[in-house]
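A look at the structure
Here is how the chains run, residue by residue.
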Amino acid sequence: MKRLVVPILAGLVLGAIVHLIGVLIMPYVAERDAYARLSGVGQVNAIALIEDPRTLATALPASDPAFVTAVCLYDLTEGPLKVRTPTTEDYTSISFYTRYGLPFYAINDRSAGRTVIELDLMNARQKAAMPEDEEVTVADRLVVESPSQQGIVVIRGMARERGARDEVKAAIASASCTPAP
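First, a word on what this report is: a plain description of the structure on this page. (Residues numbered from 1 in each chain as written. Predicted model: local features only at pLDDT ≥ 70, side-chain atom pairs only at ≥ 80, totals over all residues. Heavy atoms only, no water.)

1. With respect to the environment of asparagine 108
Its place among the elements puts asparagine 108 in strand β5 (residues 103–108). For the pair formed by asparagine 108 and serine 63, sequence separation is 45 residues and the distance between their alpha carbons is 17 Å. With near-sequence residues (within four places) excluded, asparagine 108 lies in contact with Tyr91, Thr92, Ser93 and Ile117. Engagement of the side chain of asparagine 108 in a polar contact is seen with the backbone nitrogen of arginine 110, the distance being 3.0 Å. Polar contacts involving the side chain of asparagine 108 include one to the main-chain amide nitrogen of serine 111, which spans 2.8 Å. (Helix = DSSP H or I, 4+ residues; strand = E, 2+ residues; numbered from the N terminus. Contact = heavy atoms within 4.5 Å. Polar contact = N/O pair within 3.5 Å; in protein donor to acceptor, adjacent residues only side chain to side chain.)

As C-alpha cells, then:
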C-alpha cells in the first residue's frame, strides 16, 4: 500500500500542474479571442457602436442589455490615442483591456467628475517620451499606460429607462478613439 501512495500523489500533483498551465495559457493560444471577435465589428483606432444585441452577445458574452456599448480596437504602434466620451445621465464607464482580454484600467463618470471623460492612451515608451510640463497636472490630463501595443477599449452607457436609450446611444456614438495630435 505504501508503494502506491507516492505514485498517486505524484500523479495528482503533475495533473494539477498541467491543468493550471493549460488554463493560464488558453487566452494566448485561442484563435477566437476577444480582439478577433470584435475585429468584425469595427476598424482599428475607431469607435464602433454595437447596436445588434446578437452581435454584442457573440462578441462580449454576458453583457447587460441595459447598457449601450461601443468598442474601439486600438493599436499604439503609430502613436498614442485620445479617448473621449461624453457622460450620460445615469452611468458611463470606459474599460481598457489587452488584446487577450486582461483588464488593466477602468474609469466611470463618478470617479472622473466631468461631463466629458478624456484620456490619453499610450504604451510605456510613449509615456516616457512625454515632455514634463509643470503646468499640466494629473487632474488636467488622465494618462493611461497600456501594457500591450494592441487592445480593446469598451465604452458603456446605462439606459435606465427605454425612453432614454436613444439619448444614451447618441452620447456613446459621439465618443472618439483617435490618434493623439
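More follows now that the structure is in view.
2. Some details on the nonpolar core
Ile94, Phe96, Ile107, Leu119, Leu121, Val153 and Ile155 are the most contacted members of the largest nonpolar core, which has 23 residues in total. If you list the elements that add at least two residues to this core, you get β2 (67–75), β3 (81–86), β4 (92–98), β6 (116–122), β7 (142–145), β8 (150–158) and α6 (165–173). By residue number, the principal contributor to this core is β2, which donates four residues. Residues within four places of isoleucine 155 in sequence aside, it is in contact with Ile47, Val68, Thr69, Ala70, Thr85, Ser93, Ile94, Ile172 and Ala175. (Core = buried A, V, L, I, M, F, W, Y, C linked by side-chain atoms within 4.5 Å. Buried < 20%, exposed > 50% of the residue type's maximum accessible area, 1.4 Å probe, protein only.)

3. Regarding the sheet that holds β8
One open sheet accounts for five strands, arranged β1-β2-β8-β4-β5; its pairing is antiparallel. Both outer strands of the open sheet, β1 (47–50) and β5, are each paired with one neighbouring strand and no more. Ignoring which end each strand starts from, the neighbouring axes of this sheet average 20° apart. Where β4 lies against β8, seven bridges are found, and the strand directions are antiparallel. Each residue of the ladder has a partner; that of isoleucine 94, found in β8, is isoleucine 155. Strand contacts of α6: β1, β2, β4 and β8, with the helix running at about 10° to β2, the strand carrying the most contacts. (Pairing = 2+ DSSP bridges. Axes fitted to C-alpha atoms, helices over the stretch in contact; angles between N-to-C directions.)

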